[in-house]
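Per-entry structural report
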Amino acid sequence: MPIVDLHCHSSVSDGLLPPEEVARLAEKNNVDIFALTDHDELAGLRPAAECLAASKVRFITGVEISIEWLGAQVHIVGLDFDESSEALNLGLSSIRDGRVVRARKMAESLERLGIAGVFEGAMKYAGNPKLIGRAHFARYLVELGVCKDVRSVFDSYLVPGKPGYVQHCWPTLADAVSWIHGAGGFAVIAHPGRYAFKKSEMKRLFAEFRDLGGDAIEVISGSHSNDDITTFARVAREYGFKASCGSDFHGPGESYVELGKLPVLPVGVVPVWELFK
Ligand code: AMP
Ligand code: MN
Ligand code: MN
Ligand code: MN
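Nothing here was measured: the structure is a model prediction, and the numbers come from that model.

What counts and how
- Residues numbered from 1 in each chain as written.
- Chains lettered and ligands numbered in written order.
- Predicted model: local features only at pLDDT ≥ 70, side-chain atom pairs only at ≥ 80, totals over all residues.
- Heavy atoms only, no water.
- Near = heavy atom within 4 Å.
- Polar contact = N/O pair within 3.5 Å; in protein donor to acceptor, adjacent residues only side chain to side chain.
- Areas by Shrake-Rupley, 256 points an atom, 1.4 Å probe, with all protein chains shown as cover.
- Helix = DSSP H or I, 4+ residues; strand = E, 2+ residues; numbered from the N terminus.
- Nonpolar A, V, L, I, M, F, W, Y, C, P; charged D, E, K, R; others polar.
- Donors = N, O, S within 2.8 Å, 3.2 Å for Na, K, Ca; no water.
- Tetrahedral: all angles 85-135°; square planar, octahedral: opposite > 155°, others 65-115°.
- Buried < 20%, exposed > 50% of the residue type's maximum accessible area, 1.4 Å probe, protein only.
- Patch = residues over 30% accessible without salt bridge, like charges linked within 9 Å, V, L, I, M, F, W, Y side chains within 5 Å.
- Salt bridge = Lys/Arg side-chain N within 4 Å of Asp/Glu carboxyl O.
- Lys, Arg positive; Asp, Glu negative; His and termini not counted.
- Charge placed at Lys NZ, Arg CZ, Asp CG, Glu CD.
- Expected span 1.5 Å × (residues − 1).
- Arc of directions from axis to C-beta.
- Contact = heavy atoms within 4.5 Å.
- Axes fitted to C-alpha atoms, helices over the stretch in contact; angles between N-to-C directions.
- Parallel < 35°, antiparallel > 145°, perpendicular 65-115°, else oblique.
- Pairing = 2+ DSSP bridges.

**Observations concerning the site of ligand 1**
Residues in contact with ligand 1, as listed here, are Asp14, His39, Gln73, His75, Arg99, Arg102, Gly133, Arg134, Arg151, Phe154, Arg194 and His250. Within the side chain of Asp14, one N or O atom sits 3.1 Å away from an oxygen atom of ligand 1. The side chain of His39 places a nitrogen or oxygen atom 2.9 Å from an oxygen atom of ligand 1. If ligand 1 stood free it would expose 500 Å²; the protein chains cover 87% of that surface. Counting residues per element, the ones that place at least two in the shell around ligand 1 are strand E4 (72-79), helix H3 (86-111) and helix H6 (150-158). Residue composition of the shell around ligand 1, by class: one nonpolar, five polar and six charged.

Dropping the structure here:
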């Protein structure tokens, strides 16, 4: 079984390391097949690919698209697409514009709690101002000493029901799948174990995704328990999805697992990388 990591972030979105360093870490950790999947942005792909051109690592283009489904944020990973696709680039660009608008609203709501200067503070952490996101706000609130770590900031401020959370209109599942397929790539539901949907809603998500031609789900994810792995391997078989595997690495000390250090896929599922061109 090759060592595979098809879900990683760089400072182009909300990771801590520049794309070149994430690529070098993949090589150092002996990853055979590696995709960089920044949120809603492709700018890290070229530098990462160039860094690995003379290495044994097989580099796959990737992106993690923010969508809204049933009123909540869901992530769809796109893999092995043509990064020059106009429809994909236009779609991602519209998401980035929306992120800046949302960040202003998040800052307003946090300022109402008495946390001043939070927009500028979060921006200091955004390597790419258009990719401003909740992780950058979280890092700034840790810097202020409001919480002890990024995870506690999310729990107390940045998830639905908490004061810094802002409802936002992201694209639809159909949009994301069509942009990825239009660019010749494969669409993957990211970390299905992380969503707060009811069981019946998860079934609806999988059925809609299958009906749209969705290709795979992450069976192995840095945020999946052993039970999640068993559950989602069963889902993959039931719905005819291929199985993907990704750490969701964001940087040293801020990730569930190290880049490339993941369990192997369970038997009986078909690896998504068998589809790669
Ligand atoms: P955004 O795209 O700006 O809404 O932020 C989503 C990102 O926030 C995810 O990709 C993770 O990097 C991070 N995130 C979401 N939930 C949590 C959590 N509970 N703890 C830590 N980081 C989280
Ligand atoms: Mn992230
Ligand atoms: Mn995600
Ligand atoms: Mn991710």
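**Regarding the coordination of the manganese ion (ligand 2)**
When four donors bind a metal tetrahedrally, each ideal donor-metal-donor angle is 109.5 degrees, and when six bind octahedrally, the ideal angles are 90 or 180 degrees. Surrounding the manganese ion (ligand 2) are the protein donor atoms Asp14 (OD), Asp14 (OD), His39 (NE2) and His250 (NE2), at 2.2 to 2.7 Å. Taken together, the six donor atoms coordinating the manganese ion (ligand 2) span angles of 52 to 158 degrees at the metal, a pattern that classifies the geometry as irregular. Sequence positions of the donors to the manganese ion (ligand 2) reduce to the motif D-x24-H-x210-H. Separation of the manganese ion (ligand 2) from the manganese ion (ligand 3) amounts to 5.6 Å. With Asp14 in the loop between strand E1 (4-5) and helix H1 (19-28) and His250 in the segment after strand E7 (242-246), this residue pair connects regions lying 236 residues apart in the sequence. The residues Asp14 and His250 share a single accessibility class, namely buried.

**Structural notes on a positive patch on the surface**
On the surface, Lys199, Lys203, Arg234 and Arg237 cluster together to form a positively charged patch. Take Lys203: it is sitting in helix H8 (residues 199-211).

**Here we look at H8**
Between its terminal C-alpha atoms H8 stretches 18 Å, which fits the 18 Å expected from 13 residues at 1.5 Å a residue. Along H8, the positions that sit buried rather than exposed are Glu201, Met202, Leu205, Phe206 and Phe209. Projected onto a plane normal to the axis of H8, the buried residues spread over an arc of 140 degrees and lie on a single side. Away from its buried face by more than 90 degrees, H8 exposes Lys203 and Asp211. Contact partners of the buried residues in H8: strand E3 (58-69), E4, helix H7 (173-182), strand E5 (186-189), strand E6 (216-221) and helix H9 (226-239). A positive phi of about 90 degrees marks Gly213, the residue just after H8.

**Overview of the packing of helix H4 (residues 118-125) against helix H5 (residues 134-143)**
Closest axis-to-axis distance for the H4/H5 pair is 8 Å, and the angle between their directions is 110 degrees. Between H4 and H5, the angle is such that the two are roughly perpendicular. When H4 is examined against H5, the residues Val118, Gly121, Ala122, Lys124 and Tyr125 are found in contact with a partner set consisting of His136, Phe137, Arg139, Tyr140, Leu141 and Glu143. Residues belonging to the contact of H4 with H5 are distributed by class as follows: six nonpolar, two polar and three charged.

**Topic: the pairing of E4**
Among the eight residues of E4, seven are classified as buried, and the element is accordingly described as predominantly covered. Here eight bridges tie E3 to E4, and the two strands are oriented antiparallel to one another. Paired with Gly62 across the bridge in E4 is Leu79. Counting the residues that bridge the hairpin from E3 to E4 gives two residues, and of these Leu70 lies at a positive phi of roughly 50 degrees. Where E4 meets E5, four bridges bridge the pair, whose relative direction is antiparallel. Each residue of the ladder has a partner; that of Ile76, found in E5, is Ile189.

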